[in-house]
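Single-letter residue listing:
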Amino acid sequence: MTADTDFCRLGQAVIDTETAALAALRDRIDATFAHACRILLACSGRVVVLGMGKSGHIAGKLAATLASTGTPAFFVHPGEASHGDLGMMTADDVVIALSNSGETAEINQLLPVIKRRSLGLIALTGNPASTLARAADADLETGVDREACPLGLAPTASTTASLAMGDALAIALLDARGFTAEDFAHSHPGCRLG
């Protein structure tokens, strides 16, 4: 049976690993990040956010954060995109694609369509040499030294890094747009924040 101290030790190790991942991420807020912000600010359509698996959950949260802070955005499941949901995208949109490996098949099979439509593409990847990173107009590198999972398998530190990078984008855009507390209240009428 696991002792309470073991539970606490493991929990603290997770926090330590994810804290280190976030600290390393700070130095990656650079000219590429600013370029991604400029692409998003110039978007006259909506931001379409893609991600599979755990990255898909982070992508959904990023789309929701963008939408509630002044940047029209929505999530599209990459597996559904090639079965008709590409019709949700317009020529005025920009795509943000999240993939830790940068080799997610469901996302990479959409790259020719994204390029053919001349959509802006921002990638959040853990591998700057990946197919997705190389195809992007701006690749925001979110790689981590290790996952917090003792097996090194479960997306933990990598998803935390992607979440933080997405929040950094959303808040930089909020500020650049002059989004106010009153604007925030208009998009949150059903909750205490509004």
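What this report covers is the structure whose coordinates are included nearby. (Residues numbered from 1 in each chain as written. Predicted model: local features only at pLDDT ≥ 70, side-chain atom pairs only at ≥ 80, totals over all residues. Heavy atoms only, no water.)

## A look at the side chain of threonine 142
Then, number 1: Mapped onto the secondary structure, threonine 142 falls in the loop between strand 5 (138-141) and helix 8 (157-177).
Then, number 2: Excluding its chain neighbours within four sequence positions, the residues that come into contact with threonine 142 are Leu25, Arg28, Leu124, Thr125, Gly126, Ala161, Ser162 and Met165. (Helix = DSSP H or I, 4+ residues; strand = E, 2+ residues; numbered from the N terminus. Contact = heavy atoms within 4.5 Å.)

## As for the nonpolar core
Then, number 1: By size, the foremost hydrophobic cluster in this structure holds 27 residues, and its most contacted members are Val49, Leu66, Ile96, Ile122 and Leu169.
Then, number 2: Elements supplying a minimum of two residues to this core: helix 2 (31-42), strand 1 (47-51), helix 3 (53-68), strand 3 (94-99), strand 4 (120-125), strand 5 and helix 8.
Then, number 3: Setting aside anything within four residues of it in sequence, one finds leucine 169 in contact with Phe33, Ala36, Cys37, Leu40, Ile96, Leu124 and Leu140.
Then, number 4: Ranked by size, the runner-up nonpolar core spans 19 residues in total, among them Val76, Met89, Leu111 and Leu132. (Core = buried A, V, L, I, M, F, W, Y, C linked by side-chain atoms within 4.5 Å. Buried < 20%, exposed > 50% of the residue type's maximum accessible area, 1.4 Å probe, protein only.)

## Remarks on helix 8
Because the α-helix completes a turn every 3.6 residues, residues three or four places apart line up on one side.
Then, number 1: With 21 residues, helix 8 should cover 30 Å at 1.5 Å per step; its first-to-last C-alpha distance of 30 Å lies within 8% of that length.
Then, number 2: Burial in helix 8 covers these residues: Ala157, Ser158, Thr159, Thr160, Ala161, Ser162, Met165, Gly166, Leu169, Ala170, Leu173 and Leu174.
Then, number 3: Check the buried side of helix 8 and you find it contacts helix 1 (4-26), helix 2, helix 3, strand 3, strand 4 and strand 5. (Expected span 1.5 Å × (residues − 1).)

## A few points about the packing of helix 1 against helix 8
Then, number 1: For the pair helix 1 and helix 8, the least separation of the axes is 9 Å and the interaxial angle reads 40°. Comparing the axis directions of helix 1 and helix 8 gives the class oblique. Pair helix 1 / helix 8 crosses with right-handed handedness. Seen from helix 1, the contacting residues are Thr17, Glu18, Ala21, Leu22 and Leu25; seen from helix 8, they are Ala157, Thr160, Ala161, Ala164 and Met165.
Then, number 2: A class-by-class count of the residues in the contact of helix 1 with helix 8 yields seven nonpolar, two polar and one charged. (Axes fitted to C-alpha atoms, helices over the stretch in contact; angles between N-to-C directions. Parallel < 35°, antiparallel > 145°, perpendicular 65-115°, else oblique. Left-handed = near helix turned anticlockwise from the far one by under 90°. Nonpolar A, V, L, I, M, F, W, Y, C, P; charged D, E, K, R; others polar.)

## Side note on the environment of proline 72
Then, number 1: Here proline 72 is to be found in the loop between helix 3 and strand 2 (73-76).
Then, number 2: Proline 72 gets classed as partly exposed once you look at its relative accessible area, which sits at 46%.
Then, number 3: The sequence separation of proline 72 and cysteine 43 amounts to 29 residues, and the corresponding C-alpha distance is 9.6 Å.
Then, number 4: Those residues in contact with proline 72 that lie beyond four places of it in its chain are Gly45, Arg46 and Val47.

## Some words on the sheet that holds strand 3
Then, number 1: Read from one edge to the other, the open sheet built from five strands follows the order 2-1-3-4-5, with strand pairing classed as parallel. Of all the strands in the sheet, the pair left with one neighbour each is strand 2 and strand 5. Averaged over all pairs of adjacent strands, the angle between their axes in this sheet comes to 20°, without regard to strand direction.
Then, number 2: Looking at chain direction, strand 1 and strand 3 are connected through five bridges and run parallel. Opposite valine 47, over in strand 3, you have valine 94 as the bridge partner.
Then, number 3: In this fold helix 3 packs onto strand 1, strand 2 and strand 3, with an angle of close to 160° to the strand it touches most, strand 1. (Pairing = 2+ DSSP bridges.)

## What to know about the pattern of salt bridges
Then, number 1: Within the structure shown, the criterion is met by five salt bridges.
Then, number 2: Where arginine 28 meets glutamate 141, a salt bridge forms, and the shortest distance between an N and an O atom there is 3.3 Å. Taken together, the residues arginine 28 in the loop between helix 1 and helix 2 and glutamate 141 in strand 5 connect sequence positions 113 residues apart.
Then, number 3: Relative accessible area serves as the criterion here: at 21%, arginine 28 is assigned to the partly exposed category.
Then, number 4: Glutamate 141 sits in the partly exposed class, given a relative accessible area of 23%.
Then, number 5: Of the charged contacts, one joins aspartate 137 and lysine 115 as a salt bridge, the two residues approaching to 3.8 Å between their closest N and O atoms. With aspartate 137 in the loop between helix 7 (131-135) and strand 5 and lysine 115 in helix 6 (residues 111-116), this pair connects stretches of sequence that are 22 residues apart.
Then, number 6: Among the residues examined, aspartate 137 registers a relative accessible area of 37% and is labelled partly exposed. (Salt bridge = Lys/Arg side-chain N within 4 Å of Asp/Glu carboxyl O.)

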